[in-house]
Amino acid sequence: SQQGEEDPQALSIQEGENATMNCSYKTSINNLQWYRQNSGRGLVHLILIRSNEREKHSGRLRVTLDTSKKSSSLLITASRAADTASYFCATDGSGNTPLVFGKGTRLSVIA
Amino acid sequence: DAGVIQSPRHEVTEMGQEVTLRCKPISGHNSLFWYRQTMMRGLELLIYFNNNVPIDDSGMPEDRFSAKMPNASFSTLKIQPSEPRDSAVYFCASSLTQGGNTIYFGEGSWLTVV
């Protein structure tokens, strides 16, 4: 069964706007990761946030984690057309288990 | 670093034929994963290996699917016989260890069974 569920399923914004994607999960985790997938390509790791962290930044990416609500958000600021892709959250559970991915959010950034 | 290498990138085969997908993980990575991606079901973990040993194959959909890892630099996923519902993108990925580390994906093998 899938651990993470992203919301919304699809998001369309204008270039320069911010894009926010959310992820909810069900069980305790050690960390949560966000990945990006361009059309026809494999997934690429973006950022990892540990369960004892609340916020993390990487360039134009900002990730928050609320373990009490079992949710995370990914914010992409000042979006560009090149940010068009699907974005997935992945969780590892509290044991030494492999990552389980959600179904992703399809982001379209219109120039 | 060449990353995770998968072959073939695209395959079209007839129902009933055997399909073999190949993967070379990143050197030094101890864990290897096979995922399947479809529109309906998203990204599903089929099986994973630690130090070449299969750890959990509960995601393998049927006995028609099998996977091997004869050495640290090579793995195969075999479907025999193939069916149209097996059409999907199959990803191989590797990481340093199985739990919670960054996973590095290959570009995928796009399988169409007609």
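Analysis parameters
Residues numbered from 1 in each chain as written. Chains lettered and ligands numbered in written order. Predicted model: local features only at pLDDT ≥ 70, side-chain atom pairs only at ≥ 80, totals over all residues. Heavy atoms only, no water. Helix = DSSP H or I, 4+ residues; strand = E, 2+ residues; numbered from the N terminus. Buried < 20%, exposed > 50% of the residue type's maximum accessible area, 1.4 Å probe, protein only. Pairing = 2+ DSSP bridges. Axes fitted to C-alpha atoms, helices over the stretch in contact; angles between N-to-C directions. Phe/Tyr/Trp six-rings, centres within 6.5 Å; stacked < 30°, edge-to-face > 60°. Salt bridge = Lys/Arg side-chain N within 4 Å of Asp/Glu carboxyl O. Contact = heavy atoms within 4.5 Å. Buried area = accessible area lost by both parts, 1.4 Å probe. Polar contact = N/O pair within 3.5 Å; in protein donor to acceptor, adjacent residues only side chain to side chain.

**Some words on the overall build of chain B**
No. 1: Along chain B, the regular secondary structure elements total 0 helices and 11 strands.
No. 2: Counting from the amino terminus, chain B carries its helices and strands in the arrangement β-β-β-β-β-β-β-β-β-β-β.
No. 3: Dimensions of chain B along its principal axes, counting C-alpha atoms only, are 35 × 30 × 25 Å.
No. 4: Evaluated residue by residue, chain B yields a buried proportion of 48% over its 114 residues.

**Focus on the sheet that holds strand S1 (residues 5-7) of chain A**
Residues and elements named next belong to chain A.
No. 1: Strand order in the open sheet formed by 5 strands is S1-S3-S8-S7-S6, and the pairing between neighbours is antiparallel. In this open sheet, the two strands that pair with only one neighbour each are S1 and strand S6 (55-58). Strand-to-strand twist across the sheet, computed as the mean angle between neighbouring axes with direction ignored, equals 20 degrees.
No. 2: Pairing of strand S7 (residues 61-66) with strand S8 (residues 71-76) involves 6 bridges; the strand directions are antiparallel. Its bridge partner lying in S8, Val63 is registered against Leu74.

**Brief notes about the packing of aromatic side chains**
No. 1: Counted according to the given criterion, the structure contains 8 aromatic pairs over all chains.
No. 2: Aromatic pair Phe101 of chain A and Phe105 of chain B: ring centres 5.7 Å apart, planes at 80 degrees, arrangement edge-to-face. With one member in each of two chains, Phe101 of chain A in strand S10 (residues 100-101) and Phe105 of chain B in strand S10 (residues 104-105) form a pair that bridges those chains. Take Phe101 of chain A and Phe105 of chain B: they sit in the same class, and that class is buried.
No. 3: Taken together, the aromatic side chains of Tyr35 and Phe101 of chain A together with Phe33, Tyr35, Tyr48, Phe91 and Phe105 of chain B make up a single cluster linked through ring pairs.

**Structural notes on the pattern of salt bridges**
Opposite charge on two side chains permits them to pair, given that their charged atoms come into close proximity.
Residue and element names in this part refer to chain B.
No. 1: Overall, the coordinates contain 12 salt bridges over all chains when judged by the stated rule.
No. 2: A salt bridge links Glu44 to Arg36; the nearest nitrogen and oxygen atoms lie 3.3 Å apart. Comparing Glu44 with Arg36 shows no difference in burial state: the two are buried.

**Re the sheet that holds strand S7 (residues 65-71) of chain B**
Residue and element names in this part refer to chain B.
No. 1: One open sheet accounts for 4 strands, arranged S1-S3-S8-S7; its pairing is antiparallel. At either end of the open sheet lies a strand with only one pairing partner, and these are strand S1 (5-7) and S7. The sheet shows a mean angle of 15 degrees between the axes of neighbouring strands, direction not considered.
No. 2: Relative to strand S3 (residues 19-24), S1 is paired through 3 bridges, and the arrangement is antiparallel. Residue Ile5 lies in a different strand from S3, and its bridge partner there is Lys24.

**A short note on the interface of chain A and chain B**
Where interface size is given, it is often the accessible area lost as the parts come together that is meant.
No. 1: Listed by partner, the interface residues are 19 residues for chain A and 21 residues for chain B.
No. 2: Of the roughly 1,600 Å² buried between chain A and chain B, counting both surfaces, carbon and sulfur atoms make up 50%.
No. 3: For the pair chain A and chain B, the interface holds 1 salt bridge.
No. 4: A salt bridge links Glu107 of chain B to Arg41 of chain A, with the shortest nitrogen-to-oxygen separation between them at 2.4 Å.
No. 5: In this assembly, chain A and chain B are joined by 8 residue pairs in polar contact (both at pLDDT 80 or more).

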